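# Structural overview for review
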Amino acid sequence: MNQTNVTPKPMGQKIENGFEKIIFFSRWVQAPMYFGLIVASILYAYKFLMELIHLVTEINTITEEALMLGVLTLVDIVMVANLLVMVVIGGYSTFVSQMHSFENHEDKPDWLDHISAGTLKIKLAGALVGISGIHLLKTFIDINLHDPAHIMWQVIIHVVFLCSGIALALVEKMTHTNH
C-alpha cells in the first residue's frame, strides 16, 4: 500500500478556505440585480415608445419648442438606457463573471475588452454628465417656468457631476501611468 505524507490542513485553515469560497461566490448575489436593470431597460423602452407615439400623433398641434422638449426627452431616455447597458454588461463581466460565450461575437461592444472597474466608473460618470446636461438644456428651454433657485441647483449638480467625471478620469490616468 502506498502511503503519502499528506498532512491534514489545520481546522483554522479549513474554516478560512470555506469563508473565502463564500466570499468569492457572493458575487452571484448581484446577478438578480443586473436582471432587474434589464427589466428597467424594458420599462425605459416602453416610455420611449409612448413619448415617440405622443410626438408623432401631436406633431400638427405642438409648438417647435414642445417638439424640441419631446426630442430631448427621447435623447434623455436613450442616454439612460445606454447607461443601463453599460452597467449591466460592464458590471456583470467585471464583478460577476466574464462573458466567454460572446468572445468572438460580431456585435460584441469594443469597450468590453478594455473594461475595468475604473473605466466603468468613468463611462458612468460621462453618461451622468450627459444626462444632467440634457436636463439642464430642457430647463433652459423653458427657463421662465422654473424658479431661479431650482435652476441654480441644477447647474451646481451638473458642475459636480462634471468635476467628478474629470477627477475620476485623472485618477484613472494617473493609476495607469504608474503601472
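Owing to the predicted nature of the structure, the values given are computational and were not obtained by experimental measurement. (Residues numbered from 1 in each chain as written. Predicted model: local features only at pLDDT ≥ 70, side-chain atom pairs only at ≥ 80, totals over all residues. Heavy atoms only, no water.)

Next up on the list: the overall build of the chain. The number of helices and strands found in the chain is 5 helices and 0 strands. In terms of overall size, the chain is more extended than a compact globule, its C-alpha atoms giving a radius of gyration of 24 Å where 179 residues would be expected to give roughly 16 Å. For the chain, the spread of C-alpha atoms along the principal axes amounts to about 95 × 35 × 30 Å. By the burial criterion, 22% of the 179 residues in the chain qualify as buried. Pairs at least 24 apart in sequence give 66% of the contacts found in the chain among residues at least 6 apart. When the accessible surface of the chain is split by element, carbon and sulfur atoms take 68% of a total near 12,900 Å². Charged side chains in the chain number 10 positive and 15 negative. The centres of these two groups are separated by 18 Å. (Helix = DSSP H or I, 4+ residues; strand = E, 2+ residues; numbered from the N terminus. Rg over C-alpha atoms; globule rule 2.2 N^0.38 Å. Buried < 20%, exposed > 50% of the residue type's maximum accessible area, 1.4 Å probe, protein only. Contact = heavy atoms within 4.5 Å. Areas by Shrake-Rupley, 256 points an atom, 1.4 Å probe, with all protein chains shown as cover. Lys, Arg positive; Asp, Glu negative; His and termini not counted. Charge placed at Lys NZ, Arg CZ, Asp CG, Glu CD.)

Turning our eyes to something else, we now look at the nonpolar core. Counting residues in hydrophobic clusters, the biggest one holds 6 residues: Val80, Leu83, Leu84, Met86, Ala127 and Ile131. Elements represented by at least two residues in this core include exactly helix 3 (64-96) and helix 4 (117-141). When residues of this core are assigned to their parent elements, the largest contribution, 4 residues, is made by helix 3. Contact partners of Leu83, with chain neighbours within four places excluded, come to Leu124, Ala127, Leu128 and Ile131. (Core = buried A, V, L, I, M, F, W, Y, C linked by side-chain atoms within 4.5 Å.)

Now for the packing of aromatic side chains. On inspection of all chains with the given rule, the structure shows 3 aromatic pairs. Plain terms: the ring middles of Phe24 and Phe25 are 5.5 Å apart, the flat faces sit at 75 degrees to each other, and that makes the pair edge-to-face. Pairing Tyr34 with Tyr92 gives two aromatic rings, centres 6.2 Å apart and planes at 85 degrees, and the pair type is edge-to-face. Here Tyr92 lies in helix 3 and Tyr34 lies in helix 2 (residues 31-58), a separation of 58 residues in the sequence. The exposure class assigned to Tyr34 is buried, which follows from its relative accessible area of 9%. According to the relative accessible area criterion, Tyr92 is partly exposed, its value standing at 21%. It is Arg27 that lies over the ring of Phe24; its NZ or CZ is 4.0 Å from the centre. (Phe/Tyr/Trp six-rings, centres within 6.5 Å; stacked < 30°, edge-to-face > 60°. Lys NZ or Arg CZ within 6 Å of the ring centre and 35° of its normal.)

A word on the side chain of Gln154. Relative to the helices and strands, Gln154 is located in helix 5 (residues 148-178). At 2.4 Å, the side chain of Gln154 and the side chain of Thr139 are in polar contact. (Polar contact = N/O pair within 3.5 Å; in protein donor to acceptor, adjacent residues only side chain to side chain.)

On to the environment of His135, then. With respect to the helices, strands and loops of the structure, His135 is situated in helix 4. His135 sits 67 residues away from Met68 along the chain, and the two C-alpha atoms are 13 Å apart. Among all residues touching His135, those that are not within four sequence positions of it are Asp76 and Gln154.

For the chain, the mean per-residue pLDDT works out to 86, and 95% of the residues sit at or above 70. For the chain, the element scoring lowest by mean pLDDT is helix 4, at 85; helix 2 scores highest, at 96. (pLDDT = per-residue confidence, 0-100.)

Another point: the environment of Ser93. Structurally, the position occupied by Ser93 is in helix 3. Between the alpha carbons of Ser93 and Lys47 there is a distance of 28 Å; along the sequence they are 46 residues apart. Within the local environment of Ser93, its side chain forms a polar contact with the backbone oxygen of Gly90, the two atoms lying 3.3 Å apart.

Following both chains from N to C, one finds helix 2 and helix 3 inclined at 165 degrees, their axes separated by 10 Å at the closest point. Here helix 2 lies roughly antiparallel to helix 3, going by the angle between them. Helix 2 and helix 3 meet at a crossing whose hand is left-handed. Considered class by class, the residues forming the contact of helix 2 with helix 3 number 21 nonpolar, 4 polar and 2 charged. (Axes fitted to C-alpha atoms, helices over the stretch in contact; angles between N-to-C directions. Parallel < 35°, antiparallel > 145°, perpendicular 65-115°, else oblique. Left-handed = near helix turned anticlockwise from the far one by under 90°. Nonpolar A, V, L, I, M, F, W, Y, C, P; charged D, E, K, R; others polar.)

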